[in-house]
Each structure stands twice: as C-alpha cells, then as structure tokens.
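Analysis of the macromolecular model
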Amino acid sequence: MIHHTWDKSNTIKKIKCVHADAKKFVVHHVLTPGKVYDVKNETDEFYFIIDNSNRIGGFKKEYFVEQ
C-alpha cells in the first residue's frame, strides 16, 4: 500500500503542465497549464503528482513536459 505514503516521499523530478484539455475526463479543475508539479511516482503512461487539490492524482503523460 505504497500509495498511502506517496505524498511524503521524495520528489522524483519536476514536470510542467502544458494543457488540461482532456478528451474523456475532467482535469481542468486539478491541473493548471504552465504550473510546475512534483512527480512522486511514475509508470509508463502516468505521472503521479500532488495536484491543485493537494492530493495525489495520476495523470497521463500527454498533459506534461519534463523540466
């Protein structure tokens, strides 16, 4: 149950949100284009970050560029 401690784990890298125009899900409430986020975990398809709601969220990599 490692996901319970991701918010306290070290930051892996920083990423910048480039857009919040999702085709299927609503993400513009929790992502701000131009804002830099700390990556807490990463998979092949997703970044797990602390989003604008101050909670861990998993988002597709297409919304971000690496810093």
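Keep in mind that what you see is a predicted model, and the values were worked out from it rather than measured. Every residue gets a number counted from 1 within its own chain, in the order that chain's sequence is written. Owing to the predicted nature of the model, reporting of local features is limited to residues with pLDDT of at least 70; listing and counting of side-chain atom pairs is limited to 80 or more, with chain, interface and lining totals taken over all residues. To obtain the side-chain values, all non-hydrogen atoms of the structure were used and water was disregarded.

**Some points on the pairing of strand S3 (residues 46-50)**
Just so we agree on the cut-off: Pairing between two strands requires that DSSP report at least two bridges joining them. Runs of H or I in DSSP of at least four residues are treated as helices and runs of E of at least two as strands, each being numbered from the N terminus.
By the bridge criterion, three bridges tie strand S2 (residues 36-42) to S3 in an arrangement that is antiparallel. Residue pairing for S3: Asn41 is matched across the bridge by Phe48. Here S2 folds back onto S3, and the loop between the two strands holds three residues. Relative to strand S4 (residues 56-60), S3 is paired through five bridges, and the arrangement is antiparallel. By the bridge assignment, Phe48 is partnered in S4 with Gly58.

**Observations regarding the packing of aromatic side chains**
Going by this rule: The aromatic pairing rule takes the rings of Phe, Tyr and Trp, using the six-membered ring of Trp, and pairs them if the centres are within 6.5 Å, calling planes under 30 degrees apart stacked, those over 60 edge-to-face and the rest tilted. Working definition: with a 1.4 Å probe on protein chains only, accessible area under 20% of the residue-type maximum means buried, over 50% means exposed, and in between means partly exposed.
Considering all chains together, one arrives at three aromatic pairs under this definition. Summarising the aromatic geometry, the rings of Tyr47 and Phe64 are spaced 5.7 Å apart at their centres and angled 80° between planes, so their arrangement reads as edge-to-face. Of the two residues, Tyr47 sits in strand S3 while Phe64 sits in strand S5 (residues 64-66), which places them 17 residues apart along the sequence. Tyr47 gets classed as buried once you look at its relative accessible area, which sits at 4%. Classification of Phe64 by relative accessible area gives buried; the value is 7%.

Keep in mind these values describe shape, not function.
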